[in-house]
Amino acid sequence: MKRTARDIRTANRYEVLRHCIGRGAVSRQELAAATGLSAATVATLVGELLDLGILTTGGFQDSAGGRPRGLVEVDTGRGALVGVDVAETYVHAELFDLALRVVGRADRELSPGSPGRYRPEAVADVVADAVTEVLGPYPGRVLGVGVCMPGIVDRRDGVSVYAPNWDWREVPLRALLAERVELPLYVDNPLRACTVAELWFGAGRGRDDVVVVNLGTGVGAGLALGGTLHRGVSDSAGEWGHTTLVLDGRPCHCGNRGCVEAYVGAPGIMRTLRELDPASPLLHPDDQTATIDALARAAAAGDPRALDVLRVTAHYLGAAVADLVNLLNPEVVVLSSWVAGKLGDPFLAEVRRAVGRRALAGPLAATEIVLTPIPTDPVSLGAATFALEGALASGGSRIRT
Ligand SMILES: [Zn+2]
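> Hey, could you run me through the coordination of the zinc ion in this one?
Under ideal tetrahedral coordination, the four donors around a metal are separated by 109.5 degrees; under ideal octahedral coordination, the six donors are separated by 90 or 180 degrees. Listed as protein donors to the zinc ion are His 242 (ND1), Cys 252 (SG), Cys 254 (SG) and Cys 259 (SG); their distances from the metal cover 2.0 to 2.4 Å. Around the zinc ion, the 4 donor atoms are arranged such that angles at the metal cover 104 to 122 degrees; this shape is classified as tetrahedral. All donor residues of the zinc ion come from one chain, and their arrangement in sequence is H-x9-C-x1-C-x4-C. Separated by 17 residues along the polypeptide, His 242 in the loop between strand E14 (228-229) and helix H7 (261-264) and Cys 259 in the loop between E14 and H7 bring together distant segments of the chain. Overall, the relative accessible area of 24% leaves His 242 in the partly exposed class. A residue is classified by how much of its surface remains accessible, and Cys 259, at 0% relative accessible area, is buried.

> Whenever I open this one, the side chain of Asp 188 confuses me. Can you help?
You can see Asp 188 is positioned in strand E11 (residues 185-188). Side-chain polar atoms of Asp 188 contact the side chain of Arg 192, separated by 2.6 Å. Among the polar contacts made by the side chain of Asp 188, one reaches the side chain of Arg 231 at a distance of 3.1 Å. In this structure, Asp 188 is in contact with Val 147, Cys 148, Met 149, Val 153, Arg 155, Arg 231 and Phe 386, ignoring residues within four places of it in sequence.

> Explanation requested: the sheet that holds strand E12 (residues 210-215) in the structure shown.
The strands making up a sheet are joined through hydrogen bonds of the backbone, oriented either antiparallel or parallel. Spatially, the 5 strands line up as an open sheet ordered E14-E13-E12-E15-E16, and their pairing is mixed. The open sheet has two edge strands with one neighbour each: E14 and strand E16 (368-371). Note that E12 and strand E15 (residues 332-336) share 5 bridges and pair parallel. Residue pairing across strands places Asn 214 opposite Ser 336, the latter belonging to E15. Set on the sheet, helix H6 (residues 190-201) makes contact with E12, strand E13 (219-225), E14 and E15; between it and E13 the angle comes to about 45 degrees. Against the sheet, helix H11 (residues 338-358) contacts E12, E15 and E16, and its axis sits at roughly 160 degrees relative to E16.

> Hey, could you run me through the environment of Val 134 in this one?
Secondary-structure assignment places Val 134 in helix H4 (residues 120-135). As a C-alpha pair, Val 134 and Gly 104 span 30 residues in sequence and 6.0 Å in three-dimensional space. Apart from the residues within four sequence positions on either side, Val 134 is in contact with Val 82, Ala 93, Glu 94, Leu 95, Gly 104, Arg 105 and Ala 106.

> Got a minute to help me understand helix H8 (residues 266-276) in this structure?
The α-helix advances 3.6 residues per turn, and as a result positions three or four apart in sequence lie on the same side. Inspection of H8 places Ala 266, Gly 268, Ile 269, Met 270, Thr 272 and Leu 273 among the buried residues, and these make up the whole buried set. Packed against the buried residues of H8 are H7, helix H9 (288-300), helix H10 (304-328) and H11.

> Explanation requested: the layout of surface pockets in the structure shown.
Left-over empty space is what a probe sized like a water molecule reveals as it rolls over the atoms. In this model, the largest pocket occupies a volume close to 1,400 Å³. For the largest pocket, the lining is made up of 44 residues, of which Pro 150, Asn 165, Thr 217, Gly 218 and Val 219 are closest to its centre. Of the residues that constitute the lining of the largest pocket, the class distribution is 22 nonpolar, 15 polar and 7 charged. Considering only enclosed or pocket space, the second largest pocket measures out at about 1,200 Å³ in volume. What lines the second largest pocket is a set of 38 residues, among which Asp 7, Tyr 14, Thr 228, Leu 229 and Glu 389 lie closest to the centre. Those elements that provide at least two residues to the lining of the second largest pocket are helix H1 (5-23), E11, H6, E14 and helix H13 (378-393). The greatest single-element share of the lining of the second largest pocket, amounting to 9 residues, is contributed by H1. Broken down by class, the residue content of the lining of the second largest pocket amounts to 13 nonpolar, 9 polar and 16 charged.

> Would you mind showing me how to read the pattern of salt bridges here?
Should their charged atoms come close, side chains of opposite charge can pair. Scanning the entire structure with this criterion turns up 25 salt bridges. Put simply, Glu 94 and Arg 105 hold a salt bridge, and the shortest N to O gap is 3.2 Å. Taken together, the residues span a long stretch of sequence, with Glu 94 in strand E5 (residues 90-97) and Arg 105 in strand E6 (residues 102-109) at a distance of 11 residues. Note on Arg 105: relative accessible area 51%, which makes it exposed.

Cut-off values and rules
Throughout, residues of each chain are indexed from 1 in the direction in which the sequence is written. It should be noted that, the model being predicted, local features are given only for residues of pLDDT at least 70 and side-chain atom pairs only at 80 or more, the latter also being counted only at that level, while totals for whole chains, interfaces and linings use all residues. In computing side-chain properties, one takes all heavy atoms of the structure into account and sets aside hydrogens as well as water. Here the coordinating atoms are restricted to nitrogen, oxygen and sulfur within 2.8 Å of the metal centre, or 3.2 Å for Na, K and Ca, and because water is not among them the sites may look incomplete. The geometry test gives tetrahedral to four donors whose angles all lie between 85 and 135 degrees, gives square planar to four donors and octahedral to six donors whose opposite members are over 155 degrees apart with all other angles between 65 and 115, and gives irregular to the rest. Numbered from the N terminus, helices here are DSSP runs of H or I no shorter than four residues, and strands are runs of E no shorter than two. For every residue, the accessible area (1.4 Å probe, protein chains only) is compared with the maximum for its type, and the residue is labelled buried under 20%, exposed over 50%, or partly exposed between those bounds. Here a polar contact is recorded for every N or O atom pair within 3.5 Å, except that within protein the pair must consist of a potential hydrogen donor and a potential acceptor, and residues adjacent in sequence are included only if both atoms are side-chain atoms. Note on contacts: a residue pair is in contact if any heavy atoms of the two residues lie within 4.5 Å. Between any two strands, at least two bridges found by DSSP are needed for them to pair. To obtain each axis, a line is fitted to C-alpha atoms, and for helices this fit is confined to the stretch in contact; angles are then taken between N-to-C directions over 0 to 180 degrees. Using protein atoms alone on a 1 Å grid, points that fit a 1.4 Å probe yet trap it form a cavity, whereas open point sets bounded by protein on both sides within 12 Å along at least five of seven lines form a pocket; residues with an atom within 4 Å of a point count as lining. Grid points are joined across faces, edges and corners, and a volume is the space filled by probe spheres set on the points. Put simply, Ala, Val, Leu, Ile, Met, Phe, Trp, Tyr, Cys and Pro go in the nonpolar bin, Asp, Glu, Lys and Arg in the charged bin, and everything else, Gly too, in the polar bin. Salt bridges are defined as contacts in which a side-chain nitrogen from Lys or Arg sits within 4 Å of a carboxyl oxygen from Asp or Glu.

Take a look at the structure:
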């Protein structure tokens, strides 16, 4: 991957801002020590962020015997960002201050039962409506709106290239939204949103090689390589959920057989439970969330059947994560999304054991496997982060007041 001088400057700008967001008021000297950048580079970048109105000066700090050091901090009152998580059944919009703290939210259902509910125009209406509500009382400037949409998304052109669950192909989502929302718009997908959220605010902070394993109804792996989000040549990198885990195994909705997702996505875990115990009271045949909740509760109470399901699922997931560890040699593998969140620490322990049985000793020793530490919706957080990155990369022409 060839990085231009501009890419490096942008990456350094992100890095300085990430430290400011994490630490509160901080001196330029502390930023240089924390980022490894030279004092001169930090001074320039801080100057730019001050000019852009993202940072502000924040008092002084004594320095043993020397001149007091000026502090800078994020100017949280001077702007906001919106992140929107568009999922199969809901639209969730959050308003963030410039330190990426949630200051407002709005939720919409994608009205179940209404026949045209997944028409692109209908979804754009619902997103615009949620954005309008969340911005309702906000009087200040809004730097941008990030919108994450499942499936393959061409973020440069703002097009939903393929959304299998809704049968969308080549839908110009950003253009549809631009007719409804007059703010800078950034469109991407949830896998990459979760990864950028980990890089800025989660287990990926300060790390270059990060894999974010998303375990939900669908399954995927967000990749950051060399400190940069890896998108692939046509924006589809990370479709690890549809790599083959079991030759000629369970059918997958992608049309193939034996995919990782068919074993460790929520419907795959339900199938494992059904295979082990068709009459299990833990099984809620039409409700993934209720089944995963029941499994998590039963496993925490020591129920042997629930623990079996966790072990079998971890056995499959461990093999697939070991492939990622051997292939990419990451510093950290982060388990994210709702299934990982609900199954929690007992599942993490099983996954670690299973990866340990499969991965090569060298890369395994260098890799940490953790649950995401992000307590809020990582998709809307990541979507807002894309908007912040967009505002920073555009040189701030949209930011100055
Ligand atoms: Zn598949």
